Number of protein chains: 2
Amino acid sequence: MKISLDAMGGDNAPKCIIHGAAEALARYPELEFIIFGDQQQINEILLSEKNFQRLASRSEVNHTDTVVSSNDKPSVALRQGKDSSMAKAINAVKHGLADAAICAGNTGALMAMSKVALRTLPGIDRPAICSLFPSAKGQTVVLDLGANPECSAENLFQFAIMGEAFARTVLHKKNPTIGILNIGVEAGKGIDSVQRAADLLRNTHLPLNFHGFVEGDDIALGTVDVVVTDGFSGNIALKASEGAGWLCKHSVKKGFASSISAKLGAFLASPALRSVFKEIDPRSRNGGMLVGLNGIVVKSHGGTDAHGFANAIRATKNLIEGKVNERIIAEINIVRDENE
Amino acid sequence: MKISLDAMGGDNAPKCIIHGAAEALARYPELEFIIFGDQQQINEILLSEKNFQRLASRSEVNHTDTVVSSNDKPSVALRQGKDSSMAKAINAVKHGLADAAICAGNTGALMAMSKVALRTLPGIDRPAICSLFPSAKGQTVVLDLGANPECSAENLFQFAIMGEAFARTVLHKKNPTIGILNIGVEAGKGIDSVQRAADLLRNTHLPLNFHGFVEGDDIALGTVDVVVTDGFSGNIALKASEGAGWLCKHSVKKGFASSISAKLGAFLASPALRSVFKEIDPRSRNGGMLVGLNGIVVKSHGGTDAHGFANAIRATKNLIEGKVNERIIAEINIVRDENE
């Protein structure tokens, strides 16, 4: 199993990429890597710790000069980034050299380059960004998180198929439940596209476990396994949740600092709290996927650490082993046969 | 200053409505109330505590038989709820008997009835639901929260004017900053309506303090005072934030229960944590407004307690004193003159 890594993407690159790969390799010795980026920097890190020797022996480092920055517009990245570490990592998948690519950099550029290099799966009109949110019951798959600000009912229906395949392969759910994000759970609520997408899901012959509409708080409650929405609302749900989570943590810290007894309480409770906060930290559930492409491309959180990046590698391994794209193609083919 | 109350709306009605009114009256002795609802229940509560005597003497209780339930569709409420406590409370504003109405019940029904009874302000195409989110800097005004699932650029522009007037009167901000919710802060991001709304705000002669685009996490960060969005995204941001905040609190509780030292820590820190959690609890910042109507209608959180309802009364008092609608009309008139 070979994974190509863009070593230059994300806030802590290339260090956290290499450290994360070493951590993942210790867990999954069957992995091999093709690493794209500044060879000198990468080799320095590989030589910096003795236990990176195994990683060095299981990796092929390919030098690239160009880096897609987090501020580059997708159109600029497409024009000027042909020789970037990001483009090369994607191309390794395109040319069959790697089973999947992982990048922690610019999401818009990654999506644009992946679309051009890999094309969408047959029967899929638009790829989507799919990721995991923490929930009271574990994790909720949400898509699209920003690739498609406006979506038709058919787009949302295809997202449901892709999100379900993601939940089966990454969360190992047998029969994941699917909900469409709306501003009320009653039939007739919301906008036309979500109404029609719900109709498509109710009437399909695919064995999809459609729950109906869900609201924003159902993401954290874990009411369903897969929440389907357009990229505008999905991105806003993602960022608003992150903001609210951050504010809550910030408030807890403020409370702990506000009196002597609270400080002592914080000291006593902090190991337990660190572990629960880690559970709901988006970085510890790392590894979103650009679903709907001819190849597996995983987006790691840009601000992740080595442990988070190792989690992205684990998610990628699950996607490869679970043959996520074969599942999607099989279901889409059934839909196409139905419609003929 | 006279406020009409729907005593039958919300999870804890009529008790929390009456207790909340008593609490508000203790703070603001100039208030008077017209209370609509089940007279027997209301009078029993008014007689239950000695210090409710003052409230009883400052209130006129009007009996109603019909209650709009939280599950009623707006269209059903409009047809069947003409004699409900909700309708009567709104009509008191329409007929000049009260300066504002407050209701903790069904939001959709409240909006539908208020629109029919009060009509929109001249120059405003659609009223919106406007409320306060907790933020690291205090509070953020967000609108629309669900009245208008689809919005034009002109709608969003009008929401900006209304949200700004709300921030001036309720938050006492001198020159509130305004942001449009989007999936990226760069110009050119997102959907057409937000692009054009941003153009309208950049080019207006109104003295609006337009910041530009903001993202979902900026609500909790407090990047701007007023966040403008359509009712679909706004409702999802609201509910997703509530869900994430709930999950965070739930995780803290789980952490506190997980070991003996964590339990002891919880005991020591709990007074401090209770106070910070109260700060970020949506119920303690109670009092959304249906902005854009010929009259002030305030929506209290349905699950609020007496203290939360008293806060809704305080917010209502600010809106009346701050002449929120006169501000909106003055600004809309300038825009209309500009366009002529």
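Going by the structure above, here's the rest.
Residues numbered from 1 in each chain as written. Chains lettered and ligands numbered in written order. Predicted model: local features only at pLDDT ≥ 70, side-chain atom pairs only at ≥ 80, totals over all residues. Heavy atoms only, no water.

The transform that puts chain A on chain B rotates by 180° and translates by 0.0 Å along the axis, for an RMSD of 0.0 Å. On the angle and the small slide along the axis, the relation comes out as a two-fold axis. Closest approach to the rotation axis among the C-alpha atoms of chain A is made by Gly265(A), whose C-alpha sits 1.7 Å away. (Least-squares fit on C-alpha atoms with pLDDT ≥ 70 in both.)

It is worth spelling out the packing of helix H7 (residues 153-170) of chain A against helix H8 (residues 192-203) of chain A at this point. Each packed pair of helices is defined by two parameters, the angle between the axes and the distance between the axes. All names here are of chain A. The interhelical angle for the contact between H7 and H8, taken along N-to-C directions, is 50°, at an axis separation of 8 Å. In terms of their interaxial angle, H7 and H8 are classed as oblique. Where H7 crosses over H8, the two elements pack in a sense that is right-handed. Between H7, through Ala-153, Glu-154, Leu-156, Phe-157 and Ala-160, and H8, the contact on the second element is made entirely by Ser-193, Val-194, Arg-196, Ala-197, Leu-200 and Leu-201. In terms of residue class, the contact of H7 with H8 is made up of 8 nonpolar, 1 polar and 2 charged. (Axes fitted to C-alpha atoms, helices over the stretch in contact; angles between N-to-C directions. Helix = DSSP H or I, 4+ residues; strand = E, 2+ residues; numbered from the N terminus. Parallel < 35°, antiparallel > 145°, perpendicular 65-115°, else oblique. Left-handed = near helix turned anticlockwise from the far one by under 90°. Contact = heavy atoms within 4.5 Å. Nonpolar A, V, L, I, M, F, W, Y, C, P; charged D, E, K, R; others polar.)

Turning next to the state of the cysteines. Under the counting rule described, the total for this entry stands at 1 disulfide over all chains. The disulfide bridge from Cys248(A) ends at Cys248(B), spanning 2.4 Å between sulfur atoms. Residues Cys248(A) and Cys248(B) are joined by a disulfide whose S-S torsion is about -90°; by sign, that bridge is left-handed. With one member in each of two chains, Cys248(A) in helix H10 (residues 231-256) and Cys248(B) in helix H10 (residues 231-256) form a pair that bridges those chains. Take Cys103(A): it sits in no disulfide, and the sulfur closest to it among the cysteines is that of Cys16(A), at 11 Å. (Disulfide = S-S within 2.5 Å.)

Residues and elements named next belong to chain A. As paired strands, strand S7 (residues 177-181) and strand S8 (residues 209-214) are joined by 5 bridges and run parallel to one another. Following the sheet pairing, Ile-178 is matched in S8 by Phe-210. For the crossover that starts at S7, traverses H8 and ends in the parallel S8, the hand is right-handed. (Pairing = 2+ DSSP bridges. Right-handed = clockwise from strand over helix to strand, strands pointing away.)

What follows covers the side chain of Asn155(B). All names here are of chain B. Residue position: Asn-155 is located in helix H7 (residues 153-170). Under the relative-accessibility criterion, Asn-155 is labelled buried at 5%. There is a polar contact of 2.9 Å between the side chain of Asn-155 and the backbone nitrogen of Ser-152. Beyond its immediate sequence surroundings of up to four residues, Asn-155 is in contact with Asp-125, Arg-126 and Glu-150. (Buried < 20%, exposed > 50% of the residue type's maximum accessible area, 1.4 Å probe, protein only. Polar contact = N/O pair within 3.5 Å; in protein donor to acceptor, adjacent residues only side chain to side chain.)

With that settled, consider the packing of helix H11 (residues 260-279) of chain A against helix H11 (residues 260-280) of chain B. In the contact formed by H11(A) and H11(B), the axes pass within 7 Å of each other and the chain directions differ by 140°. Taken together, the axis directions place H11(A) and H11(B) in an arrangement best described as oblique. The chirality of how H11(A) crosses H11(B) is left-handed. Residues Ser261(A), Ala262(A), Leu264(A), Gly265(A), Leu268(A), Ala269(A) and Ala272(A) of H11(A) touch H11(B), and the partners they reach there are Ser261(B), Ala262(B), Leu264(B), Gly265(B), Leu268(B), Ala269(B) and Ala272(B). Of the residues contributing to the contact of H11(A) with H11(B), the split by class is 10 nonpolar, 4 polar and no charged.

Mapped onto the fold, Asp217(A) is located in helix H9 (residues 217-221). Sequence separation between Asp217(A) and Ala187(A) is 30 residues, and the spatial gap between their C-alpha atoms is 18 Å. Residues contacting Asp217(A), with those up to four places away along its chain left out, are Lys239(B), Ala240(B) and Gly243(B).

Residue and element names in this part refer to chain B. Read from one edge to the other, the open sheet built from 11 strands follows the order S3-S2-S1-S4-S11-S10-S5-S6-S9-S7-S8, with strand pairing classed as mixed. Bordering the open sheet on either side are strand S3 (59-63) and strand S8 (209-214), each of which pairs with just one other strand. Going across the sheet, the axis of each strand differs from the next one's by a mean of 25°, ignoring polarity. Bridging between strand S5 (residues 128-135) and strand S10 (residues 288-291) involves 3 bridges; their strand directions are antiparallel. Opposite Cys-130, over in S10, you have Met-289 as the bridge partner. Across the sheet, helix H12 (residues 306-321) lies against strand S1 (2-6), strand S2 (32-37), strand S4 (100-103), S10 and strand S11 (296-299), angled at about 155° from S4, the strand it touches most.

Let us now look at the interface of chain A and chain B. Counting residues at the interface gives 55 residues for chain A, matched by 55 residues for chain B. Interface of chain A and chain B: buried area, both sides summed, is about 4400 Å²; carbon and sulfur atoms make up 77% of it. Between chain A and chain B we count 2 salt bridges in total. Of the charged contacts, one joins Lys239(A) and Glu215(B) as a salt bridge, the two residues approaching to 2.3 Å between their closest N and O atoms. Among the elements of the structure, strand S5 (128-135), H9, H10 and H11 of chain A are those that each provide at least two residues to the side of chain A that touches chain B. Per-element accounting of the side of chain A that touches chain B gives the leading share, 22 residues, to H10(A). Counted by class, the side of chain A that touches chain B contains 29 nonpolar, 17 polar and 9 charged residues. (Buried area = accessible area lost by both parts, 1.4 Å probe. Salt bridge = Lys/Arg side-chain N within 4 Å of Asp/Glu carboxyl O.)

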